[in-house]
Amino acid sequence: ISQTVEELAVHTLYKIVLNETDERYPFVNIFKDRVKSSFSMTFFPGENRQKAIKYIQAQLRQAGHIFVYDKYLDDNWSNTKKFFNDLVPRKKLNVYYTDEQLSRTHISELKGMCNEWYFAADRLNSAYRNLHDRYLLIDSRLEIILTSGFDNLFDLRTECTMVFRQLKKSTGD
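Definitions and cut-offs
- Residues numbered from 1 in each chain as written.
- Predicted model: local features only at pLDDT ≥ 70, side-chain atom pairs only at ≥ 80, totals over all residues.
- Heavy atoms only, no water.
- Axes fitted to C-alpha atoms, helices over the stretch in contact; angles between N-to-C directions.
- Helix = DSSP H or I, 4+ residues; strand = E, 2+ residues; numbered from the N terminus.
- Parallel < 35°, antiparallel > 145°, perpendicular 65-115°, else oblique.
- Contact = heavy atoms within 4.5 Å.
- Nonpolar A, V, L, I, M, F, W, Y, C, P; charged D, E, K, R; others polar.
- Phe/Tyr/Trp six-rings, centres within 6.5 Å; stacked < 30°, edge-to-face > 60°.
- Buried < 20%, exposed > 50% of the residue type's maximum accessible area, 1.4 Å probe, protein only.

### Observations concerning the packing of helix H2 (residues 50–61) against helix H3 (residues 77–87)
Thinking step 1. Relative orientation of the contacting elements H2 and H3 amounts to 65°, with a least axis distance of 10 Å. One way to sum up the angle between H2 and H3 is to call them roughly perpendicular. Where H2 approaches H3, its residues Ile-53, Ile-56, Gln-57 and Leu-60 are matched on the opposing element by Phe-83, Asp-86 and Leu-87.
Thinking step 2. Per-class residue counts for the contact of H2 with H3 are five nonpolar, one polar and one charged.

### Considerations on the packing of aromatic side chains
Thinking step 1. Counted by the stated rule, this structure contains eleven aromatic pairs.
Thinking step 2. Taking 5.3 Å as the distance between ring centres and 85° as the angle between the ring planes, the aromatic pair formed by Phe-83 and Phe-84 counts as edge-to-face.
Thinking step 3. In this structure Phe-83 comes out as buried when scored by relative accessible area, which is 2%.
Thinking step 4. Under the relative-accessibility criterion, Phe-84 is labelled buried at 1%.

### Quick word on H3
Thinking step 1. Turning to H3, its buried residues number three or more, namely Trp-77, Asn-79, Thr-80, Phe-83, Phe-84 and Leu-87.
Thinking step 2. Taken together, the buried residues of H3 touch H2, strand S5 (93–97), helix H4 (104–113), strand S6 (117–121), strand S7 (134–138) and helix H5 (149–154).

### Overview of unusual backbone geometry
Trans is the prevailing form of peptide bonds, just as negative phi is the prevailing case for residues other than glycine.
Thinking step 1. Pro-26 follows Tyr-25 through a cis peptide bond whose omega is 15°.
Thinking step 2. When you line up the elements, Pro-26 lands in the loop between strand S1 (17–19) and strand S2 (27–29).
Thinking step 3. In this structure, Lys-15 takes a positive phi of about 55° despite not being glycine.
Thinking step 4. Considering the arrangement of structural elements, one finds Lys-15 in the loop between helix H1 (5–9) and S1.
Thinking step 5. Although it is not a glycine, Asp-139 adopts a positive phi angle of roughly 50°.
Thinking step 6. Along the chain, Asp-139 turns up in the loop between S7 and strand S8 (142–146).

Next comes the structure, spelled out in structure tokens:
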């Protein structure tokens, strides 16, 4: 009873204190701080990833536009194709990518899967350029970080972690 919230935070798992004004550790300002809430899925080698695949499919089902960032989209073409073939719905969808991550030849091949997909180089998400992790943004509302890339979503020989984070609050959420 005589302890401060800072002293009590030491005894919690995350060792933080949520608040609305202070950003000094151990405080986390719920409105302005770099610390954000999210959830993740981690799969170790040999573990089935169907839950993650089904979750991503469900998120993409109603999407109007997506941004895909993976500097290896062209290099790992078979898994890029698998991502689009297995997860992305066959419907009108704007697909944005970082310059030079998808060749014209590969874009043509993807458009062959669904002629309602529109591909364009992204001009809005410059913060994602030259990052290590791979990202999928759905309607600028949900960010999915694939720490090991789209490849490991399909490769049971490796681990795969995905972090899901809401980007913007909108009405009805």
